[in-house]
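# Chains, contacts and geometry: an overview
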There are 2 protein chains.
Amino acid sequence: MTVNIQEALTDIVGPKGILTGEDVSQRLDGWMGAPQCQAKAIVRPATTEELSAVMKLCHQNDQTVTTHGGMTGLVGGAISSPEDVVVSLERMRNIIEIDAENRTLTAEAGVTLQSLQEAAEGIDLFYPVDLGARGSATIGGNIATNAGGNRVLRYGMTRDSILGLEVVLADGTVVSSLSKVIKNNTGYDLRQLFIGSEGTLGIVTKAVVRLRPKPRGEATALVAVEDFNHLTRLLSLAEGALSGGLSSFEVMWNDFYSLVTSFERHKAPLPASSPFYVILETQGNSDEAEQERLEVLLGEALEQELISDAVLTQSVSEREKVWAIRDDIEALLSLNPIHGFDISLPIPAMQGYLDTLRQDLDQHFPDCRLVVFGHLGDGNLHVIIGQVPMEDKKRLDEVVYRGLSPLGGSISAEHGIGHEKKPYLQYSRSENELSLMKTLKLALDPKQLLNRGKIFD
Amino acid sequence: MTVNIQEALTDIVGPKGILTGEDVSQRLDGWMGAPQCQAKAIVRPATTEELSAVMKLCHQNDQTVTTHGGMTGLVGGAISSPEDVVVSLERMRNIIEIDAENRTLTAEAGVTLQSLQEAAEGIDLFYPVDLGARGSATIGGNIATNAGGNRVLRYGMTRDSILGLEVVLADGTVVSSLSKVIKNNTGYDLRQLFIGSEGTLGIVTKAVVRLRPKPRGEATALVAVEDFNHLTRLLSLAEGALSGGLSSFEVMWNDFYSLVTSFERHKAPLPASSPFYVILETQGNSDEAEQERLEVLLGEALEQELISDAVLTQSVSEREKVWAIRDDIEALLSLNPIHGFDISLPIPAMQGYLDTLRQDLDQHFPDCRLVVFGHLGDGNLHVIIGQVPMEDKKRLDEVVYRGLSPLGGSISAEHGIGHEKKPYLQYSRSENELSLMKTLKLALDPKQLLNRGKIFD
Ligand SMILES: Cc1cc2nc3c(=O)[nH]c(=O)nc-3n(C[C@H](O)[C@H](O)[C@H](O)COP(=O)(O)OP(=O)(O)OC[C@H]3O[C@@H](n4cnc5c(N)ncnc54)[C@H](O)[C@@H]3O)c2cc1C
Ligand SMILES: Cc1cc2nc3c(=O)[nH]c(=O)nc-3n(C[C@H](O)[C@H](O)[C@H](O)COP(=O)(O)OP(=O)(O)OC[C@H]3O[C@@H](n4cnc5c(N)ncnc54)[C@H](O)[C@@H]3O)c2cc1C
């Protein structure tokens, strides 16, 4: 390298825009428990133009670059090496425009999900993507990982809420597609290329997101179901009966429900004797209207014997108690060391997959505990396996992932591939798919500077 | 060329699989009124493997290929030259699998939209994409054009209903991504690349589509609105109040409504004295429930003075009469020669755009008639301009399209670019966007064999 890259970077972003030495190693390379960050420098551009100049410089000098958003990703996608330069979007946190009439919001990529949600609420609108890490996760990171979260059933993943993007390519070219229209069939839909590509094709600098009307009321029920087949029939019934109002259909297998409700902090609203429990939530015009719709639905479901028992919550506190069961991650920690898997499957294949998994686990990890819950409507299962030592993680990964391939399942419903799931990508993708991905990577980033070693080698 | 391409193609697909001479020129190169098809041959593979062999052969011989679906496209995307080979999917019309429980359907690309809709209805489910050309348009063509249609507001465009794709690339490689899961963040989302790329990046051979629960009831109203700003407030109110149930929000400008209702076949449900009319439709669990919800909404809208008058239809025949106004294309033909434009705009920019357009038209085409209607919720306007001679089409195109660029509008909301809109693509796309599109094209089809000369040169 002919230039001193740190100096040249400082020339572009100014001294405030660059961190080196201890300022780098103080940071973690991901969510809690991740290793210390290693990099030549962390560059913090304040504008797209600065980032463009940074990337031009890096491109000229064959300098690899890893992008940092809120560092809440769960697959090691933001891990860097001592040879990398890190680009952090932390100084690009402006909300550029809120258009109440068109119901769009334009933001820089470093804006946190929570700030964005709050800005939408400030004009009585609603940004539907939501996830636990909302306070740190950035809109750029959400886009790069196509984040899902709690409301996918009704509103889709991040992909479905993005109208426009501005991206800086590996060579510094700025591609601005900041469209604010919903329908736009004018050539290739370039947004789609960058959404979910985990920072390997370009760095997202701005986005136009679509806002929705804020739901004014909701209703929540917990029901018990005796048979897996009834789950899908119940889902169809609910989607039909609640029309587009159904916002959650969260299934808890008995192993999950019994474990969590065994803790004193929960008063189990239903006895833990059924194989499945479902939280149904509908959002609409008013609490009363939704309560009524849900009540009618539950009546029908009882009549058709799709459910064996039901609690329709009557207050906010009752509602919160039901959700507290579903969200009680602490209860799962009682099975430490635990390993979480975020997979998806065609619904008819789920039960068979879990039966086989249970057998395989019995064989290979006789002491383990399997606990399952998930967004059934999205085909998304959270498989938690407890009491397996950390050093067995790779063997466990194999057992969980290899069964997905013949069933057309996905090794990553939401979190992406990053660094951690890379060895298993071939369980979800064919040779030809992988080689087409590599063709795209080489077309956009021929020197492979962006997030090298992530998704595939 | 060293081989006789016709013979070599016949070796692959058999004599039934190839048309030449008059069998080619008998066909039209598009929808009604299009010119005769010109091509060396029309190849009709019966399987993906045959098509793969066809493409290998063409690739080896630098043979350009244009793909034919149902030939209902409206932008000349399927037009071929005498030097081309045409690939038609007309012998790939099998529905491969219907999975009621997972609510997915897998079909070959030549299946018509209507057959697909009917197959879904056969198991009491629903494929939401719908458009007038359903009897001829194919699912492959819908995917290639990312077709929209009548229910985008609620269910999105074709893109939003496609879970998996199988595609044959320019060199004959088969990329199979026939995933049946909704959430799948495993590397680049290759589907997205092909959806909407108008046959320039690959030939779609199979698709997995997502089915939805069939709505069991609906309600429809026609309302009069006095102020453009009230339209967007009404839309927000309706989306909130009807929750996810709102399935149509079709706006007719006065020029449209007065023209159509001036024909005796319509009894205008509301007098033609307001600047705007909206058809509101909601779909849900039962006619009664939806009727009630819509009635409450109309009450609120009247109270907030967002609407000045309303008719809530009370029977199927009343409902059909309202829709007959919106769908009366014949009435528009009274303004022949007419020119239709399918554009989209951020909602706040619409009124200004139309005012300017009206002025420009007055200046350049003083005798013309401007008639506007559209899917306001999607930002999509249908602009119909009548009484402009066919030979002035290019000048007219300029007037309509050039105003969109500064407003962030799109010259094609639904129909694509194809051959016809190619000269105007730069009004919706920047230099850098176009050059990124070309990078993608060259990466996937370096010899530029697929649909050459479409979208861009
Ligand atoms: C408590 C918790 C709950 C979670 N719940 C969910 C959930 O329900 N659903 C879900 O999908 N995920 C969930 N996640 C995962 C995580 O929050 C998401 O992946 C999030 O989208 C990451 O955003 P981030 O800004 O933190 O990105 P980072 O972690 O900083 O980066 C993630 C990846 O995106 C790249 N990247 C970041 N910013 C950019 C950019 N501007 N341009 C290009 N590439 C970029 C990085 O290089 C990396 O590969 C959860 C995480 C935690 C810790
Ligand atoms: C009466 C009428 C109403 C319409 N209404 C609407 C509407 O509401 N919304 C809307 O969006 N469109 C509408 N259209 C346009 C048209 O129906 C759609 O564009 C449709 O999706 C085209 O499908 P097709 O099978 O006829 O494709 P074709 O016309 O045969 O082809 C269209 C384009 O797709 C390519 N193509 C076709 N099949 C494949 C394949 N298997 N693989 C790769 N490329 C392929 C072709 O090369 C061409 O570029 C309407 C058309 C008519 C005639």
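Residues numbered from 1 in each chain as written. Chains lettered and ligands numbered in written order. Predicted model: local features only at pLDDT ≥ 70, side-chain atom pairs only at ≥ 80, totals over all residues. Heavy atoms only, no water.

## Section: the overall build of chain A
Counting its secondary structure elements, chain A contains 15 helices and 18 strands. The C-alpha radius of gyration of chain A comes to 23 Å, within 12% of the 23 Å expected for a compact globule of 457 residues. Expressed as lengths along the three principal axes of its C-alpha atoms, the size of chain A is roughly 75 × 55 × 40 Å. Here chain A holds 457 residues, and 62% of them are scored as buried. Expressed as a percentage of contacts within chain A between residues at least 6 apart in sequence, the contacts between residues at least 24 apart total 71%. (Helix = DSSP H or I, 4+ residues; strand = E, 2+ residues; numbered from the N terminus. Rg over C-alpha atoms; globule rule 2.2 N^0.38 Å. Buried < 20%, exposed > 50% of the residue type's maximum accessible area, 1.4 Å probe, protein only. Contact = heavy atoms within 4.5 Å.)

## Regarding the interface of chain A and chain B
Tallying the contact residues gives 88 residues for chain A and 88 residues for chain B. Buried surface at the junction of chain A and chain B, summed over both partners, amounts to about 6,700 Å²; 53% is from carbon and sulfur atoms. On the chain A side of the contact with chain B, Lys183, Asn185 and Tyr188 of chain A bury the most area, a combined 15% of that side's loss. There are ten salt bridges connecting chain A and chain B. Note that Glu239 of chain A is salt-bridged to Arg103 of chain B, the shortest N-O span being 2.5 Å. For the interface between chain A and chain B, the tally reads 38 residue pairs in polar contact (both at pLDDT 80 or more). At the level of elements, helix H6 (152–155), strand S9 (174–177), helix H7 (190–194), helix H8 (228–241), strand S14 (276–284), helix H10 (287–303), helix H13 (347–364) and helix H15 (431–444) of chain A are the ones that each hand at least two residues to the side of chain A that touches chain B. Classifying every residue of the side of chain A that touches chain B gives 32 nonpolar, 38 polar and 18 charged. (Buried area = accessible area lost by both parts, 1.4 Å probe. Salt bridge = Lys/Arg side-chain N within 4 Å of Asp/Glu carboxyl O. Polar contact = N/O pair within 3.5 Å; in protein donor to acceptor, adjacent residues only side chain to side chain. Nonpolar A, V, L, I, M, F, W, Y, C, P; charged D, E, K, R; others polar.)

## Notes on a negative patch on the surface
The grouping of Glu292 and Glu295 of chain A together with Glu292 and Glu295 of chain B at the surface amounts to a negative patch. Every element with two or more residues in the negative patch is listed here: H10 of chain A together with helix H10 (287–303) of chain B. Here Glu292 of chain B is to be found in helix H10. (Patch = residues over 30% accessible without salt bridge, like charges linked within 9 Å, V, L, I, M, F, W, Y side chains within 5 Å. Areas by Shrake-Rupley, 256 points an atom, 1.4 Å probe, with all protein chains shown as cover. Lys, Arg positive; Asp, Glu negative; His and termini not counted. Charge placed at Lys NZ, Arg CZ, Asp CG, Glu CD.)

## A short note on a nonpolar patch on the surface
Residue and element names in this part refer to chain A. Together, Trp31, Met32 and Leu74 give the surface a local cluster of nonpolar side chains, amounting to about 340 Å² of exposed area. Along the chain, Trp31 turns up in the loop between helix H2 (22–25) and strand S2 (41–43). Trp31 sits in the partly exposed class, given a relative accessible area of 35%.

## Considering the domain arrangement of chain A
Residues and elements named next belong to chain A. For chain A, the assigned domains are domain 1 (5–91), domain 2 (95–213), domain 3 (217–329) and domain 4 (336–414 + 426–441). Look at where the C-alpha atoms of domain 3 and domain 4 centre, and you get two points 26 Å apart. The interface of domain 3 with domain 4 comprises 14 residues on the first partner and 16 residues on the second. A buried area of about 1,300 Å², summed over both sides, lies between domain 3 and domain 4, and 67% of it is on carbon and sulfur atoms. Considering only the surface of domain 3 that becomes buried against domain 4, Phe228, Trp253 and Asp255 emerge as the three largest contributors, covering 42% of it. Where domain 3 touches domain 4, the interface holds one salt bridge. With a shortest N-O distance of 3.4 Å, Asp255 and Arg358 are connected by a salt bridge. (Domains from an automatic or database assignment.)

## Thoughts on the relation of the copies chain A and chain B
Expressed as a screw operation, the relation of chain A to chain B combines 0.0 Å of axial shift with a rotation of 180 degrees, fitting to an RMSD of 0.0 Å. The operation mapping one copy onto its partner corresponds to a two-fold rotation axis. Among all residues of chain A, the one whose C-alpha sits closest to the rotation axis is Gly244 of chain A, at a distance of 1.8 Å. With an isologous cut-off of 70% or more, the 100% of interface residues of chain A that recur at the interface of chain B puts this contact in the isologous class. (Least-squares fit on C-alpha atoms with pLDDT ≥ 70 in both.)

## Some words on the UniProt feature "domain: FAD-binding PCMH-type" (unreviewed entry) in chain A
Following the UniProt record, the feature "domain: FAD-binding PCMH-type" (unreviewed entry) maps to residues 35–214 of chain A here. Secondary structure content for residues 35–214 of chain A is 22% helix and 24% strand, and the end C-alpha separation is 40 Å. (UniProt positions renumbered as here; feature names shortened; annotations may be inferred.)

## Concerning the packing of H13 of chain A against helix H14 (residues 393–402) of chain A
Residue and element names in this part refer to chain A. Here H13 crosses H14 at 155 degrees, and the two axes come no closer than 9 Å. Viewed along their axes, H13 and H14 adopt a mutual orientation that is roughly antiparallel. Crossing of H13 against H14: the hand is right-handed. Of the residues in H14, those touching H13 at Tyr353, Leu357, Asp360, Leu361 and His364 are Arg395, Leu396, Val399, Val400 and Arg402. Looking at the contact of H13 with H14 residue by residue, the classes come out as six nonpolar, one polar and three charged. (Axes fitted to C-alpha atoms, helices over the stretch in contact; angles between N-to-C directions. Parallel < 35°, antiparallel > 145°, perpendicular 65-115°, else oblique. Left-handed = near helix turned anticlockwise from the far one by under 90°.)

## A look at helix H8 (residues 228–241) of chain B
All names here are of chain B. The terminal C-alpha atoms of H8 lie 20 Å apart, and with 14 residues this matches the ideal 20 Å at 1.5 Å per residue to within 8%. Summarising burial for H8: eleven of the 14 residues are buried, a large majority. Along H8, the positions that sit buried rather than exposed are Phe228, His230, Leu231, Thr232, Leu234, Leu235, Leu237, Ala238, Glu239, Gly240 and Ala241. One side-chain oxygen of the residue at the start of H8 lies 2.9 Å from the amide nitrogen of Asn229, identifying that residue as Asp227. Ser243, located one to two residues past H8, shows a positive phi value of around 55 degrees. (Expected span 1.5 Å × (residues − 1).)

## Section: the site of ligand 1
Residues and elements named next belong to chain A. The environment of ligand 1 is formed by 33 residues, the closest being Gly70, Thr72, Gly73, Thr138 and Glu414. One of the side-chain N or O atoms of Thr138 is found 2.7 Å from an oxygen atom in ligand 1. In this structure, an oxygen atom belonging to ligand 1 sits 3.4 Å away from a main-chain N or O atom of Glu198. Relative to its unbound accessible area of 970 Å², ligand 1 is 91% covered by the protein chains. For the shell around ligand 1, the secondary-structure elements that each account for two or more residues are strand S3 (65–68), helix H5 (139–145) and strand S10 (203–210). Top contributing element to the shell around ligand 1 by residue count: H5, with five residues. Its residues assigned to classes, the shell around ligand 1 comprises 13 nonpolar, 18 polar and two charged. (Near = heavy atom within 4 Å.)

## Structural notes on the site of ligand 2
Residues and elements named next belong to chain B. In the vicinity of ligand 2 lie 33 residues, with Thr67, Gly70, Gly73, Thr138 and Glu414 positioned nearest. Between ligand 2 and the protein, one listed contact pairs an oxygen atom with a backbone N or O atom of Gly69 at 2.8 Å. Here an oxygen atom of ligand 2 and a side-chain polar atom of Thr145 are 2.9 Å apart. Taking 980 Å² as the accessible area of ligand 2 by itself, protein coverage stands at 91%. Contributing elements (two or more residues each) for the shell around ligand 2: strand S3 (65–68), helix H5 (139–145) and strand S10 (203–210). Examining the composition of the shell around ligand 2, we find that five residues originate from one element, H5, more than from any other. When its residues are assigned to classes, the shell around ligand 2 shows 13 nonpolar, 18 polar and two charged. The two domains that each donate at least three residues to the shell around ligand 2 are domain 1 (5–91) and domain 2 (95–213).

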